[in-house]
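Examining the three-dimensional arrangement
For reference, the chains in residue letters:
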Amino acid sequence: MKKRILVVDDEEGLRLLYKEELEEAGWEVTLAASGEESLRRIEEGKIDLVLLDIKMPGMDGVEVLRHVKERWKDLPVVLCTAYPHYKHEFGTWASDAYVIKSSDLTELKQTLKDILGKKR
Amino acid sequence: MNLSAIIEELGELANDGAPLTNRLQRACALLLETAPFDQCAIYLWDSVNRAFVLNASVGTGSAAIETYGEDEGLPGRVKASGKGLAASKKDLSGTAIDGLIDAGMRGFSYALTLALRDSSALYGVIYLKAVKKTRRNAARDSALTTAAALIVSIIRGEEINARHRRKSAELAELQARLINSEKVMALADMASNIVHEIKNPLLSIGGLANRLKKHVPQDAPGRLYLDQITHETVRLEKLIGGIIRCLHESALELQSDDMNDIVSESIELFREDAMRRGVNIVKKFTDNRLPVRADREQMKIAFDNLIANALQSMENSGTLTVSTCLDNDSIVVKVADSGGGIDPRYENYIFNPFFTTKKFGTGLGLPIANAIVMRHKGVIEVDNNIGVGVTFTVKLCSEGIECGLRA
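Notes on the structure follow. This one's a predicted model, so the numbers in the text were calculated from it and none came from an experiment.

Moving on to a nonpolar patch on the surface. Residues M190, I194 and I198 of chain B make up a contiguous nonpolar surface patch of roughly 270 Å² in combined accessible area. Within the secondary structure, I194 of chain B is located in helix α4 (residues 138-215).

What follows deals with the interface of chain B and chain A. Facing 22 residues of chain B, the contacting portion of chain A comprises 18 residues. Between chain B and chain A lies a buried interface of about 1900 Å² when both sides are counted; carbon and sulfur atoms form 54% of it. If you look at where chain B meets chain A, you find 5 salt bridges. Put simply, E24 of chain A and R211 of chain B hold a salt bridge, and the shortest N to O gap is 3.2 Å. Our count for the chain B to chain A interface comes out at 9 residue pairs in polar contact (both at pLDDT 80 or more). Taken together, the elements giving at least two residues each to the side of chain B that touches chain A come down to α4 and α5 (223-247) of chain B. A total of 14 residues in the side of chain B that touches chain A trace back to one element, the largest contributor, which is α4 of chain B. Across the side of chain B that touches chain A, the residue classes break down as 5 nonpolar, 10 polar and 7 charged.

All names here are of chain A. Tallied over the full model, the rule gives 2 cavities of 30 Å³ or more. The volume enclosed by the largest cavity comes to roughly 60 Å³. If you trace the largest cavity, you find it lined by Y18, C80, V99, I100, K101, S102, D104, L105, E107 and L108. Elements represented by at least two residues in the lining of the largest cavity include exactly β5 (97-100) and α4 (106-118). Split by residue class, the lining of the largest cavity holds 6 nonpolar, 1 polar and 3 charged.

Parameters and conventions
- Residues numbered from 1 in each chain as written.
- Chains lettered and ligands numbered in written order.
- Predicted model: local features only at pLDDT ≥ 70, side-chain atom pairs only at ≥ 80, totals over all residues.
- Heavy atoms only, no water.
- Patch = residues over 30% accessible without salt bridge, like charges linked within 9 Å, V, L, I, M, F, W, Y side chains within 5 Å.
- Areas by Shrake-Rupley, 256 points an atom, 1.4 Å probe, with all protein chains shown as cover.
- Salt bridge = Lys/Arg side-chain N within 4 Å of Asp/Glu carboxyl O.
- Helix = DSSP H or I, 4+ residues; strand = E, 2+ residues; numbered from the N terminus.
- Contact = heavy atoms within 4.5 Å.
- Buried area = accessible area lost by both parts, 1.4 Å probe.
- Polar contact = N/O pair within 3.5 Å; in protein donor to acceptor, adjacent residues only side chain to side chain.
- Nonpolar A, V, L, I, M, F, W, Y, C, P; charged D, E, K, R; others polar.
- 1 Å grid on protein atoms, 1.4 Å probe; cavity = no way out; pocket = protein on both sides within 12 Å on 5 of 7 lines; lining within 4 Å.
- Points joined across faces, edges and corners; volume = space filled by probe spheres on them.

This is the structure in structure tokens:
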């Protein structure tokens, strides 16, 4: 069965880009435009991995990450942001991977493949 | 005016806020009131020019000489002996007095000089001249000695005040710099927000254009535009990435490492690029371990930038030589290209952010490399060999040693 990735990003263009690229790479994609929405989508179930933007209005990625790790300990989370410096900040250590945003999604897709391949 | 009143007034002069010359002028006038002289001049010792310079003079007769060299005239003799002295001559018009020449004595026959000094230094000379010689008396001499001590305290007070003024000027400058750096920080903050607002839409543009490319064949109309869009987006992404790195200095994650390993990894990243350019990479590494405390990821970025910069200077052929060695307590890594060197006009600018001579350069590669090396308390030196190439030398202290590269 295809693995399902939840893409959380407040930027509409990027959601579209991720959805198309990741579906093309063979995954199912669910979208969420905010931190709050992402938690609702996870509650609905069937998510195998969360691709999470950090900087979002309202509940930001770091907060989402905390909620996810509290409630769904085994759900992998990949943080994705424009800023390399978050890597060092407390609160992002718990993520399974950290990817710097780029219009070239090669690195991101490889990271997702590594993590989803490892699982089960 | 009696003696005690004069002493009292001299004491007050030490705390007066008036310019030093005015106060010394007043002191001279007071001395002339208490002692039977016709002219009083005060010379201050200028240790830089090694001369006595006239600061104040009061009285009658020919004008006091402006400066005396350290061995000239009666002041010179005070300097040599360290103490005051009296001197007299017979004729008024001549300048010879007690075996030396002093043009200041023209029109006078008697002089008394007093050293202005304390236990640590000579500050100057009081030079009293009279047309007619008078008999010295002990009470007057002792009053003059006291007066000289008080004048010393006026001069010293002035020195302390000057130092004080310098200090407060420095303080004001520091404050101005602080305000300036706050402004810079506010600007950086604003820039960081703008950059974030630009980066996300830019990624959409570039990413979606990439997707569109898959639907537009190589020879289709409009394909050229798409290629240009993606090309420019990548360029802007790099620029923005560079700005972000400049703006956010993340804390260094220092760990024990081997510099040879770090540099090796950077080189491997560029093997393909070098091959494409027909550039031969020569590695001259020391066999010794190069122990360093460094943030591996950051240090790799520094060398990535130095190597990329070197490769970009060589178009169709060339040699990139990367060597490492241990020089006493410092680790030395050299990245040398054969790209012909930097135009000397630009040499001073290569570490300035956004300065570039390349068509597609961001102007951030070398500044980032420099910033990272500096944050590791190291230095980058540039050896520009025009017509041959450039060698960048990175020096870092060996682990656990303060080798004082950045004094």
